[in-house]
Amino acid sequence: MSKQFQFKLVLLGESAVGKSSLVLRFVKDQFDDYRESTIGAAFLTQTVTLEDQTTVKFEIWDTAGQERYKSLAPMYYRNANCAVVVYDITQSTSLEKAKSWIRELQRQADPNIVIALCGNKLDLSARRQVSQEEAKKYAEEEGLMWGETSAKTGEGVSDIFTSIAKKLPLTAPPSARGGTRPGVPGGRTGVDLNKQANAGQGQGDQCNC
Amino acid sequence: MDEEYDVIVLGTGLTECILSGLLSVEGKKVLHMDRNDYYGGDSASLNLTQLYRKFRDGASPPQDLGRDRDYAVDLIPKFIIASGELTRILVHTDVTRYLEFKQIAGSFVYRDGKISKVPSTEMEAVKSPLMGLFEKRRAKKFFEFLQTWKDEDPATHQGIDLDKDTMSTVYEKFGLEPGTQDFIGHAMALYLDDDYKKKPARPTYERIVLYTSSMARYGKSPYIYPLYGLGELPQAFARLSAIYGGTYMLDKPIDEIVTDADGKFVGVRSGNETVKAKQVVGDPSYFGAGKAQEGGKVRVIEEGKVVRAICFLKHPIPGTDDADSAQIIIPQNQVGRRNDIYVALVSSTHNVCAKDVYVAIVSTVVETDRPEQEIQPGLALLGPIHEKFVSVSSLYTPTSTGETDNIFITRSYDATSHFETVVDDVHDVWKRIFGGKELVLKKRDVQVEA
Ligand SMILES: Cc1cc2nc3c(=O)[nH]c(=O)nc-3n(C[C@@H](O)[C@H](O)[C@H](O)COP(=O)(O)OP(=O)(O)OC[C@H]3O[C@@H](n4cnc5c(N)ncnc54)[C@H](O)[C@@H]3O)c2cc1C
Ligand SMILES: Nc1nc2c(ncn2[C@@H]2O[C@H](COP(=O)(O)OP(=O)(O)OP(=O)(O)O)[C@@H](O)[C@H]2O)c(=O)[nH]1
Ligand SMILES: [Mg+2]
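Residues numbered from 1 in each chain as written. Chains lettered and ligands numbered in written order. Predicted model: local features only at pLDDT ≥ 70, side-chain atom pairs only at ≥ 80, totals over all residues. Heavy atoms only, no water.

### Structural notes on the overall build of chain A
Here's step 1: When you go through chain A residue by residue, the secondary structure sums to seven helices and six strands.
Here's step 2: Listing every helix and strand of chain A by position from the N terminus yields β-α-β-β-α-β-α-β-α-β-α-α-α.
Here's step 3: Per-residue burial over chain A gives 53% buried out of 209 residues.
Here's step 4: Of all intrachain contacts in chain A linking residues separated by at least 6 positions in sequence, the fraction that spans at least 24 positions is 71%.
Here's step 5: Counting only carbon and sulfur atoms, one obtains 47% of the accessible surface of chain A, whose full area is about 9,700 Å². (Helix = DSSP H or I, 4+ residues; strand = E, 2+ residues; numbered from the N terminus. Buried < 20%, exposed > 50% of the residue type's maximum accessible area, 1.4 Å probe, protein only. Contact = heavy atoms within 4.5 Å. Areas by Shrake-Rupley, 256 points an atom, 1.4 Å probe, with all protein chains shown as cover.)

This is the structure in structure tokens:
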């Protein structure tokens, strides 16, 4: 029988590096040249099937613009299983910003979080400011996954998500929140408010005191 | 900051974040600011560094407490009632998606120097030492009366009028002993004092029904609690607000509430920038609470004080069957007070502290000028206390509704053990903002894709 896993994936990086575009390419295989800065972020999921038929479902969180004035809530990455930290290869300052997000994750997130550093806008390599060597060297020092992508052409996009899916500790039970989501081996440990809210109403008259 | 907003929200406490989220969903253009660099205001959960910054003048936390990131210590001890109003808002806004909840393992009540579990099954009720055999029969009749009550069926009323008869009258009718009344009124109806007995019985009836239906929902206690602490609640509603276009700015000093010649709200000044909006909503600390008034308008007044002691223990609370979480209620009569003392316990099971650490918060409404002594009966139940942080906070309430000046101020977090009054405040502020229109919870469009 094939196994199914669900993981929380968060996106981080400076505004306009292409976080939402990467997700749009990954989930819907679309690209939008005039994408507006993210507000009204949808809650997206995408499933990756690995060679051994294991399926990994990503529950993808986009920042909803809260990072813009340094106001991202720690809740955002608190129990993330993986993070894709994006920079724009044509903007060296965006790599600096990515590094500061990585430091924040190393300090505050789950110690087992899988972090991928992603250099986006590969189609604009003529205007490259961040060399592959520099980014790769930094990623190796910090023990991160690394890859370059173009959300515009699609190059490298599924590769980066697939490598994350492979790297996530498939045999170990996923950490707290991921592990209690439906569909994850191990089952729920928490309580499901939604389910109870619909089914529970009539139970009031049946006291179990 | 040239943009103009519909509403500026000041402070990221739970009340403000729920309002901010609901206002953004309603289509208002919201700017949400906080002077702190963290979410939650007075209802935040702090890590060790933040806790020691607040209570120990920035001293560094002792090594033996473990890692900073493992801690999320609530400043205000409250639990969520499983069938209560906050649960309803969480479900309707779909904010549950960002959170995960666990049950609180047990609810206990203090009686004659000992604590006993509030029975959660019939077996427990039969075995409970809280009542003698005959009193149990009387209590059974009383609960059966409440359970079978139907407004439209006078046969179920047993001659009682819930809207006219006082709760005392109802207790007398069933011949319930004072100890049982303490237990029902304080551990189940969750009243802080005994004033309810002299009032019509209906609200008490409703509270007992809420308690028992919440108890029936998950079994062990009527309470649930979010993993990673209560501070997750404001953050989750802030995300809702951001997703619907709300702009967030933390770490922003708020220097002035700017008004026009008639005293009507114009904007908020931070440094030498002023942001304009039609309305402002905020917690009392942004409107002069606790500061000496210098000729300005008095916008909030103090209604009372609450004392709270956050205690780190290295063991569960004795007598709770090693519960990983619990509420203990000490009814006021039991210790000769006017207000109950509450103990709220959570632990690493809720991802709020390191393994083998237990966080207990003892709190009560201040009645004397020696508040720390007032919580002594609660502290005495805890066993050895590893570390203790005591605070006395004022409860502020706005002096005006805001309808004339467009300044809508929320209330401080009170001494109750749950969030029902917080939701009442949300409803109240909403109504004031919208000139009397009630808050109607609409189901959010579900945006799940792929
Ligand atoms: C401390 C305490 C707390 C309670 N809390 C609640 C509550 O939160 N919500 C609520 O609805 N009811 C509560 N009750 C009353 C509850 O136990 C009622 O007995 C029950 O609701 C009746 O249900 P039933 O009609 O299914 O039981 P029945 O079918 O009437 O009773 C089943 C059997 O159990 C016995 N029995 C049931 N309850 C008791 C008891 N309390 N003591 C001794 N024998 C008993 C009966 O005699 C009978 O033999 C409480 C009672 C006590 C003493
Ligand atoms: N050429 C090129 N443009 C891209 C690529 N990815 C994104 N863009 C463009 O870059 C701009 C910003 O992309 P977004 O996906 O909105 O960036 P973001 O990181 O989500 O930005 P915020 O939501 O503001 O944080 C848009 O105009 C995109 O069309 C890419 O791979 N190549
Ligand atoms: Mg975006």
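### A short note on the nonpolar core
Here's step 1: Formed by 170 residues in total, the largest nonpolar core has its most connected members in F58(A), I164(A), L90(B), F142(B), L233(B) and F312(B).
Here's step 2: It is helix α9 (residues 232–243) of chain B that contributes the most residues to this core, seven residues altogether.
Here's step 3: Counting 24 residues, the second-largest nonpolar core is a separate cluster that includes V307(B), A309(B), I317(B) and L345(B). (Core = buried A, V, L, I, M, F, W, Y, C linked by side-chain atoms within 4.5 Å.)

### Description of helix α2 (residues 48–55) of chain B
All names here are of chain B.
Here's step 1: Along α2, the residues that are buried comprise L48, Q50, L51 and Y52.
Here's step 2: Its buried side turned inward, α2 meets β3 (45–46), β4 (73–74), β14 (300–313) and β18 (387–398).
Here's step 3: The N-cap of α2, judged by a side-chain oxygen 3.3 Å from the amide nitrogen of T49 a few residues on, is N47.
Here's step 4: Immediately beyond the C-terminal end of α2, within one or two residues, lies D57, with a positive phi of roughly 55°. (Polar contact = N/O pair within 3.5 Å; in protein donor to acceptor, adjacent residues only side chain to side chain.)

### Considering the packing of aromatic side chains
For any pair of aromatic rings, geometry is given as the distance between the ring centres together with the angle between the planes.
All names here are of chain B.
Here's step 1: Under the definition given, this model contains 22 aromatic pairs over all chains.
Here's step 2: Ring geometry for Y191 versus Y196: centroids 4.4 Å apart, planes at 0°, classification stacked. By the burial criterion, Y191 is buried, and Y196 matches it.
Here's step 3: Among the aromatic side chains, those forming a connected cluster through ring pairs are F142, F143, F145, W149, Y171, F174, Y191, Y196 and Y205.
Here's step 4: Note that R35 overlies the ring of Y286, its terminal NZ or CZ placed 3.9 Å from the centroid. (Phe/Tyr/Trp six-rings, centres within 6.5 Å; stacked < 30°, edge-to-face > 60°. Lys NZ or Arg CZ within 6 Å of the ring centre and 35° of its normal.)

### Re the environment of S24(B)
Residues and elements named next belong to chain B.
Here's step 1: Looking at the element boundaries, S24 is found in helix α1 (residues 14–25).
Here's step 2: Counting along the chain gives 217 residues from S24 to S241, while the straight-line C-alpha distance between them is 5.3 Å.
Here's step 3: Ignoring anything within four residues of it in the chain, the contact list for S24 reads V30, S241, Y244 and G246.
Here's step 4: There is a polar contact of 2.9 Å between the side chain of S24 and the side chain of S241.

### Observations regarding the sheet that holds strand β9 (residues 223–226) of chain B
All names here are of chain B.
Here's step 1: Across the sheet, which stays open at both edges, the three strands sit in the order β5-β9-β6 with antiparallel pairing between neighbours. Where the open sheet ends on each side, the last strands, each with one partner, are β5 (80–81) and β6 (101–103).
Here's step 2: Pairing geometry for β6 and β9, over three bridges, is antiparallel. Within β9, the residue paired with F101 across the bridge is P226. (Pairing = 2+ DSSP bridges.)

### As for the confidence of the model for chain B
Here's step 1: Summing up the model confidence of chain B, the mean pLDDT is 93 and the portion of residues at 70 or higher is 97%.
Here's step 2: If you check the scores for this complex, the pTM reads 0.86 and the ipTM reads 0.81. (pLDDT = per-residue confidence, 0-100.)

### Looking at the pattern of salt bridges
All names here are of chain B.
Here's step 1: According to the stated counting rule, one finds 37 salt bridges over all chains in the structure shown.
Here's step 2: Note that D194 is salt-bridged to K197, the shortest N-O span being 3.7 Å.
Here's step 3: In this structure D194 comes out as buried when scored by relative accessible area, which is 17%.
Here's step 4: For R337, the salt bridge goes to E367, with nearest N and O atoms at 3.3 Å. (Salt bridge = Lys/Arg side-chain N within 4 Å of Asp/Glu carboxyl O.)

### A closer look at the confidence of the model for chain A
Here's step 1: For chain A, the average pLDDT comes to 82, and 78% of its residues sit at 70 or higher.
Here's step 2: The low-confidence segment residues 175–188 of chain A, where pLDDT is below 50, has 37 contacts with residues more than four positions distant or belonging to other chains.

### Points about the packing of α1(B) against helix α12 (residues 420–433) of chain B
Residue and element names in this part refer to chain B.
Here's step 1: Two numbers describe how α1 lies on α12: the axes approach to 10 Å, and their chain directions differ by 45°. On the basis of their axis angle, the class for α1 and α12 is oblique. The crossing of α1 and α12 is right-handed. Two secondary-structure elements touch here, α1 through L14, T15, I18, L19, L22 and L23 and α12 through V422, D425, V426, V429, W430 and I433. (Axes fitted to C-alpha atoms, helices over the stretch in contact; angles between N-to-C directions. Parallel < 35°, antiparallel > 145°, perpendicular 65-115°, else oblique. Left-handed = near helix turned anticlockwise from the far one by under 90°.)

### Some points on the pairing of strand β2 (residues 44–49) of chain A
Residue and element names in this part refer to chain A.
Here's step 1: Relative to strand β3 (residues 55–61), β2 runs antiparallel, the two being bridged by six bridges. What sits directly across from Q46, in β3, is F58.
Here's step 2: Between β2 and β3, which follow one another and run antiparallel, lie five residues, and Q53 among them has a positive phi close to 70°.

### A word on unusual backbone geometry
Here's step 1: Look at K70(A): it is not a glycine, yet its phi comes out positive at around 50°.
Here's step 2: Looking at the element boundaries, K70(A) is found in the loop between β3 and α2 (75–78).

### Regarding the sheet that holds strand β7 (residues 106–111) of chain B
Residues and elements named next belong to chain B.
Here's step 1: With mixed pairing, seven strands are arranged side by side in an open sheet as β8-β7-β15-β16-β17-β14-β18. Each having just a single partner strand, β8 (114–117) and β18 make up the two edges of the open sheet. Taking the axes of each pair of neighbouring strands and ignoring which way they run, one obtains an average angle of 25° across the sheet.
Here's step 2: Here β7 pairs with strand β15 (residues 326–330) via four bridges, running parallel.

### A short note on helix α3 (residues 92–108) of chain A
Residues and elements named next belong to chain A.
Here's step 1: Compared with an ideal rise of 1.5 Å per residue, which puts 17 residues at 24 Å, α3 spans 25 Å between its outermost C-alpha atoms and is within 8% of the ideal.
Here's step 2: Among the residues making up α3, those that are buried are S94, L95, A98, K99, W101, I102 and L105. The buried residues of α3 occupy an angular sector of 165° when the element is viewed end-on, so they sit on one face. Structural note: α3 exposes R103 and R107 on the side pointing more than 90 degrees away from its buried face.
Here's step 3: Tucked into the core, α3 has its buried residues touching β1 (4–12), α2, β4 (82–88), β5 (114–120) and α4 (132–142). (Expected span 1.5 Å × (residues − 1). Arc of directions from axis to C-beta.)

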